[in-house]
Amino acid sequence: MNLDIFNKEFARFKKINNLVNNYFASFGVNKKQELIRLIFEISKKEEIPPLKLIKELPQVSFDCLKDYLIKRRFPIASLENQTQRVYLPKIRLNKDSLFKLDKKDFYPKTIIIEKDAYTSSLTQRFIKAFPKAKRILIESLKSYLRCRLPFTIKDYNRRKDVIFIINEKADFFKRCPCTKKAISCGYHIFNLSFGCIFECTYCYLQGYTNSPGIIFSSNLDRFFDLFNAYKKPKMRIGSGEFTDSLMLDHITEYSLEIIDFFRKYPDARFEFKTKSKNIENLLKAKHKGNIVVSWTLSPERIIKENEFFTARLSERVISIERCIQAGYKIGLHFDPVIYFDGWRKEYSNLIEMLFRKIKPKDIAWISIGTLRFNPRLKPIIEARFPHNKILDQELIYGFDNKLRYPSKIRQQIYSYMTRIIYKYSRRIFLYLCMEEQRIWKTIFR
Ligand code: SF4
């Protein structure tokens, strides 16, 4: 299915490439590349055939032509005088980078185990769960990665074939790095795993991963030994920053041990963040009220188009209700909020549906964050998911040099969503994720 779409987008790109080389033969390579990018994006977004679009273009100098195309492609950014902040990288569509969406149950081909981790109960559980997987013992992940070739998108596409089981040695906890010039929410990361079995089009791990597999730490006891020295008063900490906290919890059983451990730290709040419905261990565990189970939530249409292999919205909502019945506090993350025609209606329907089922007293916190990512992710998303619609919107360099919606759109989204949420309670702990002070001030004034 997405191979057909790849072929369609690749044909569009080739056609535009040829047309630009014919119609604008006198322009240099860089100018042609920018025109190809702009014409490609307009042709895809407006669903207009390349030849028709090129024939419509004004016969003017390169600067005027580029200006015309940018205004057409980024109308809101143009009104905000932000046209110099657009990002026009070379198009790198290539069949090898395409992610094939055929649904298969997760079953790694190889389990690579650090020697020190071999006798751990986590290793034994993975071997039991995947008996046909080949096992390889290594000295350390660090030395194993040293002799690998540079990591490519193709390697990222194959990462689920490999599980690494390691003994974490250095990076047990860290402060969430947030983003430059944003207001931090003061979160801490419990760095237990790295990588994910789900496939979200916007996932930042696509541009951040350099290990050809998903990493799990087997020495949870060492995390616990070190936590006492790390802990801060009333801290919020969670394991869902570089992974989905519960994606394989039926195998890792991390939640059982973590919940038990945090019984000793009632003033800390531990968060499991997920897009799964893998909550059976949570329902068995005895917690002390300081565990928050959080879901990232989006309208079903966004989930269907962008969050492959995750639980559907209805399944996430049922899991929320079951966790509330088991006495957990719930976190709701509207992050990333995706802008599209009709976003108001779909996001208000989502929030209203949630508040029909969840009482404000059961909610520990809600975050809202609009789509943003490092610019180097743009060609990766385009190459892995050529059918994506998220890149059709206006994404320009923001205050932190990440690609973001223009501030007018971000403000509209935040004010609209906070207004609906506050209708249900003004006392909910609501924050904006990775957003600048100026926007916080306008929303929470
Ligand atoms: S669930 Fe989270 S970590 Fe996993 S692919 Fe989606 S965004 Fe990435």
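For the structure itself, look to the data block above.
Residues numbered from 1 in each chain as written. Predicted model: local features only at pLDDT ≥ 70, side-chain atom pairs only at ≥ 80, totals over all residues. Heavy atoms only, no water.

*Asks:* Give me unusual backbone geometry: which residues, what numbers.
*Replies:* Going from D335 to P336, the amide bond is cis rather than trans, its omega being 5°. Along the polypeptide, P336 turns up in strand β13 (residues 329-337). Positive phi outside glycine occurs at E47, with the angle close to 50°. Turning to its location among the elements, E47 is positioned in the loop between α2 (29-46) and α3 (50-56). Judged by its relative accessible area of 69%, E47 is exposed. The backbone of F309 sits at a positive phi, close to 75°, despite the residue not being glycine. Within the element layout of this structure, F309 appears in the loop between β12 (307-308) and α14 (313-325). (Helix = DSSP H or I, 4+ residues; strand = E, 2+ residues; numbered from the N terminus. Buried < 20%, exposed > 50% of the residue type's maximum accessible area, 1.4 Å probe, protein only.)

*Asks:* Outline the nonpolar core, listing residues and values.
*Replies:* Counting residues in each nonpolar core, the largest one holds 123 residues, and the members touching the most others are F126, F190, I258, F262 and F334. The element best represented in this core is helix α17 (residues 407-424), accounting for eight residues. Dropping the residues within four chain positions of it, F334 is found in contact with L297, L350, I351, L354, I366, S367, I368, G369, M417 and I421. With 29 residues, the next largest nonpolar core counts L19, I39, F40 and I54 among its residues. (Core = buried A, V, L, I, M, F, W, Y, C linked by side-chain atoms within 4.5 Å. Contact = heavy atoms within 4.5 Å.)

*Asks:* Please give an account of the site of the ligand that cites residues and values.
*Replies:* The environment of the ligand is formed by C196, F198, C200, Y202, C203, L205 and K275. Here the residues of the shell around the ligand sort into six nonpolar, no polar and one charged. (Near = heavy atom within 4 Å. Nonpolar A, V, L, I, M, F, W, Y, C, P; charged D, E, K, R; others polar.)

*Asks:* Hey, could you go over the environment of M417 for me, with residue numbers and the actual values?
*Replies:* Inspection of the secondary structure puts M417 in helix α17. The buried category is assigned to M417, whose relative accessible area is 0%. In this structure, the C-alpha to C-alpha distance between M417 and S348, residues 69 residues apart in sequence, is 7.3 Å. With residues near it in sequence (within four places) discarded, M417 still touches F334, V337, Y347, I351 and I368.

*Asks:* Give a detailed account of helix α16 (residues 377-384), specifying residues and quantitative values.
*Replies:* A large share of α16 lies buried, amounting to eight of its eight residues. Taken as a whole, α16 has its buried residues at L377, K378, P379, I380, I381, E382, A383 and R384. Contact partners of the buried residues in α16: α2, α8 (153-157), β7 (199-200), β15 (372-373) and β17 (403-404).

*Asks:* Please give an account of the side chain of E382 that cites residues and values.
*Replies:* When you line up the elements, E382 lands in helix α16. Looking at E382, the relative accessible area reads 7%, which means it is buried. Within the structure, the side chain of E382 is placed 2.7 Å from the side chain of R37, a separation counted as a polar contact. Beyond its immediate stretch of four places on either side in the chain, E382 contacts R37, F40, I91, L93, N388 and L391. (Polar contact = N/O pair within 3.5 Å; in protein donor to acceptor, adjacent residues only side chain to side chain.)

*Asks:* Before we move on, could you go through empty space enclosed by the protein and cite the residues and values that matter?
*Replies:* Applying the stated criterion across every chain, the model contains four cavities of 30 Å³ or more. What the largest cavity holds in volume is close to 100 Å³. Looking at the largest cavity, it is lined by 15 residues, and the ones nearest its centre are S193, T243, D244, S245 and Y254. When its residues are assigned to classes, the lining of the largest cavity shows eight nonpolar, five polar and two charged. There is about 80 Å³ of room inside the second largest cavity. For the second largest cavity, the full set of lining residues is R37, F40, E41, K44, R73, E382, F385, P386, N388, L391 and D392. At four residues, the largest contribution of residues to the lining of the second largest cavity is made by α2. Here the lining of the second largest cavity is composed, by residue class, of four nonpolar, one polar and six charged. (1 Å grid on protein atoms, 1.4 Å probe; cavity = no way out; pocket = protein on both sides within 12 Å on 5 of 7 lines; lining within 4 Å. Points joined across faces, edges and corners; volume = space filled by probe spheres on them.)

*Asks:* Can you tell me about the sheet that holds β17, naming the residues and giving the values?
*Replies:* Across the sheet, which stays open at both edges, the three strands sit in the order β15-β17-β16 with antiparallel pairing between neighbours. In this open sheet, the two strands that pair with only one neighbour each are β15 and β16 (396-397). The pairing of β16 with β17 spans two bridges and is classified as antiparallel. When the sheet's bridge partners are listed, Y397 is paired in β17 with L403. (Pairing = 2+ DSSP bridges.)

*Asks:* Please set out the packing of helix α9 (residues 220-230) against helix α11 (residues 254-261) residue by residue, giving values where relevant.
*Replies:* Between α9 and α11, the shortest axis-to-axis distance is 11 Å and the interhelical angle comes to 20°. Overall, the two elements α9 and α11 adopt an arrangement that is roughly parallel. For the crossing formed where α9 meets α11, the hand is right-handed. Contacts from L220, F224 and F227 in α9 reach Y254, E257, I258 and F261 in α11. Considering only residue class, the contact of α9 with α11 consists of six nonpolar, no polar and one charged. (Axes fitted to C-alpha atoms, helices over the stretch in contact; angles between N-to-C directions. Parallel < 35°, antiparallel > 145°, perpendicular 65-115°, else oblique. Left-handed = near helix turned anticlockwise from the far one by under 90°.)

*Asks:* Any details on the sheet that holds strand β6 (residues 193-194)? Residues and values, ideally.
*Replies:* Pairing is mixed in the open sheet, where five strands are placed in the order β2-β1-β3-β8-β6. Looking at which strands have only one partner, the edges of the open sheet turn out to be β2 (134-138) and β6. Pairing analysis gives five bridges linking strand β1 (residues 110-114) to β2, with the strands arranged parallel. Within the sheet, the bridge partner assigned to T110 lies in β2 and is K134. Helix α6 (residues 121-129) rests against β1, β2, β3 (162-166) and β8 (214-217) of the sheet, and its axis sits at about 160° to β3.

Without other data, these values stay purely geometric and don't point to any function.
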